[in-house]
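Commentary on secondary and tertiary structure
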Amino acid sequence: RVLSSSSSPTLTQEEADGPVGKGSSLIDVNPPRGTRDFPPDDMRLRSWLFQNFREVSRILSFEEVDFPVLESEALFIRKAGEEITQQLYNFEDKGGRRVVLRPEITPSLARLVIKQGKSASLPLKWFTIGQCWRYERMTRGRRREHYQWNMDIFGVSKVRAEAELIQAVVLLFERLGIKSSDVGIRVSSRKVLQAVLQMYAIPENLFTQVCVIVDKLGKITREEMEKELVSLGVSTKAVNGIIEVLSLKSLSKLEEVLGSEGEAVSELKKLFSLAESYGYADWICFDASVVRGLAYYTGIVFEAFDRQGKLRAICGGGRYDRLLSTFGTDDIPACGFGFGDAVIVELLKEKALLPDLSHKVDDIVFPLDEVLDGTASSIASSLRKKGRSVDLVEDKRLKWVFKHAERIGASRLILVGNSEWERGAVRVKNLSTREEFEVKIDELD
Ligand SMILES: OCc1cccc(Br)n1
């Protein structure tokens, strides 16, 4: 057939359908660079991990929320030089709007809290699991997407909120079989750095940028850090003072430097006391070098790390009491964490803690004669209505069916044969005990 239309030259059917079959070049079957497919085995592991995220969220009595992966770019325009804002997966949509694939979840949470306004009675305890994106130059071959579990509390200004969040993280690790000897949680507060900047009379408005630079400690050299801080106007003396305080790993030493009166020390002491009461004190340690890289943190910050030091941070979070005012409304005290789906799996592999998650099915129903196809369908249907997972197989040799049963981890094989059916029965083979018996159809459950 020759296709023609006023707007296009005449095309043969083949031209219109595009290349088909052996002669044409195969499309690239890989997902876009830096992204992942989840075939069944990988999806079972991801679902298992996410089920644990959900269960911990339920146990801490958090409510689930969700947002579009696509957000207005305006939500993420920040001037503090964070890596996350320099790698925005941003573009202009067909309506000329500046949009992004979100690089994190917290701003969306804040947006929804603002949108809900007075109808959202505080405190709010919300969680979500969502995909986040960054446009990373593939030079380092890093991923461009990951899934993040976020838990956030709005409307609690005391460190009780941070203590609750850290318990959630600890409960998750314990559910996965990870022990405090495998993983620690470094805890500090940005108020430590704030106090040091005050000691050196560094203007408040440099605080956020100093935090973002200091967060690179360990990723860039001390000289590079000093250069970046000095270029902000921080004196070399102050740089040395900052690095000296940030190397502290003892809360009592911090108290000697900052005194006991300030919020930095008092809040941290309160948190460590609560940790004893929760029973997770052996999981956490004070480490003044923890500042985290997001501009909006204002208080306690924390991150989980593998004690062997082989992996990047497993999760991290902190208090962000002044994020909402950057969106033009009254502040609400808030804190939360993000827990990615990638590093935790690397850790589970390291610790040989990956669970066996093979495919499981309850029953295979197989008619031994095609005249019994209808009968097999009604048997499968009644079992499914009882909630059993059933794989209905036909047009196969019995030998194949037994191998298939093995492959999909079926518990029972239900063979529908003429002679049994004449007696209103089927043959049932228990695939773990290998027992085989005849069952009246109205007794099959
Ligand atoms: O943790 C930073 C981040 C944000 C978005 C996507 C990926 Br992968 N990583």
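What counts and how
Residues numbered from 1 in each chain as written. Predicted model: local features only at pLDDT ≥ 70, side-chain atom pairs only at ≥ 80, totals over all residues. Heavy atoms only, no water. Buried < 20%, exposed > 50% of the residue type's maximum accessible area, 1.4 Å probe, protein only. Helix = DSSP H or I, 4+ residues; strand = E, 2+ residues; numbered from the N terminus. Pairing = 2+ DSSP bridges. Near = heavy atom within 4 Å. Polar contact = N/O pair within 3.5 Å; in protein donor to acceptor, adjacent residues only side chain to side chain. Areas by Shrake-Rupley, 256 points an atom, 1.4 Å probe, with all protein chains shown as cover. Nonpolar A, V, L, I, M, F, W, Y, C, P; charged D, E, K, R; others polar. Salt bridge = Lys/Arg side-chain N within 4 Å of Asp/Glu carboxyl O. Phe/Tyr/Trp six-rings, centres within 6.5 Å; stacked < 30°, edge-to-face > 60°. Lys NZ or Arg CZ within 6 Å of the ring centre and 35° of its normal.

The element strand S11 (residues 300-306) is largely enclosed, with a buried count of 7 among its 7 residues. Along S11, one buried face is formed by Ile300, Phe302, Ala304 and Asp306 and the opposite face, lined by Val301, Glu303 and Phe305, is buried too. In the sheet, strand S9 (residues 183-189) pairs with S11 via 7 bridges, with the strands oriented antiparallel. Residue isoleucine 185 lies in a different strand from S11, and its bridge partner there is alanine 304. Bridge analysis of S11 against strand S12 (residues 315-319) gives 4 bridges, and the strand direction is antiparallel. Considered in S12, the bridge of phenylalanine 302 is made with glycine 317.

On to the site of the ligand. The environment of the ligand is made up of Pro103, Cys132, Trp133, Arg134, Arg143, Glu145 and His146. Residue arginine 134 places a side-chain N or O atom 3.3 Å away from a nitrogen atom belonging to the ligand. Burial of the ligand by the protein chains amounts to 81% of its free accessible area of 290 Å². Of all elements in the fold, only strand S7 (124-133) and strand S8 (145-154) reach the threshold of two or more residues within the shell around the ligand. Grouping the constituent residues of the shell around the ligand by class yields 3 nonpolar, 1 polar and 3 charged.

All right, on to the pattern of salt bridges then. Applying the stated criterion to the full structure yields 35 salt bridges. The partner of glutamate 83 in a salt bridge is arginine 142, and the shortest N-O contact between them spans 3.7 Å. Within this pair, whereas glutamate 83 is found in helix H3 (residues 83-86), its partner arginine 142 is found in the loop between S7 and S8, the two being separated by 59 residues in sequence. Connected through shared salt-bridge partners, Arg186, Lys249, Asp287, Arg292 and Glu303 make up one network.

Another point: the packing of aromatic side chains. Counted according to the given criterion, the structure contains 16 aromatic pairs. Taking the centre distance of 4.6 Å and the plane angle of 15° together, the rings of phenylalanine 53 and tryptophan 149 count as stacked. With phenylalanine 53 in helix H2 (residues 40-59) and tryptophan 149 in strand S8, the pair connects residues that are 96 residues apart, well separated along the chain. As far as burial versus exposure is concerned, phenylalanine 53 and tryptophan 149 are alike and both buried. With a centroid separation of 5.7 Å and an interplanar angle of 45°, the aromatic rings of tryptophan 149 and phenylalanine 339 are classed as tilted. Of this pair, tryptophan 149 sits in strand S8 while phenylalanine 339 sits in strand S13 (residues 334-340), and the two are 190 residues apart along the sequence. Given the relative accessible area of 0%, tryptophan 149 is considered buried. Ring pairs connect the aromatic residues Phe38, Phe50, Phe53, Tyr147, Trp149, Phe173, Trp283, Phe337 and Phe339, which therefore count as one cluster. Across from the ring centre of phenylalanine 38, 4.5 Å away, lies the NZ or CZ of arginine 46, which sits over that ring. Lysine 396 extends its terminal NZ or CZ atom over the ring of tryptophan 400, reaching a point 4.6 Å from the ring centre.

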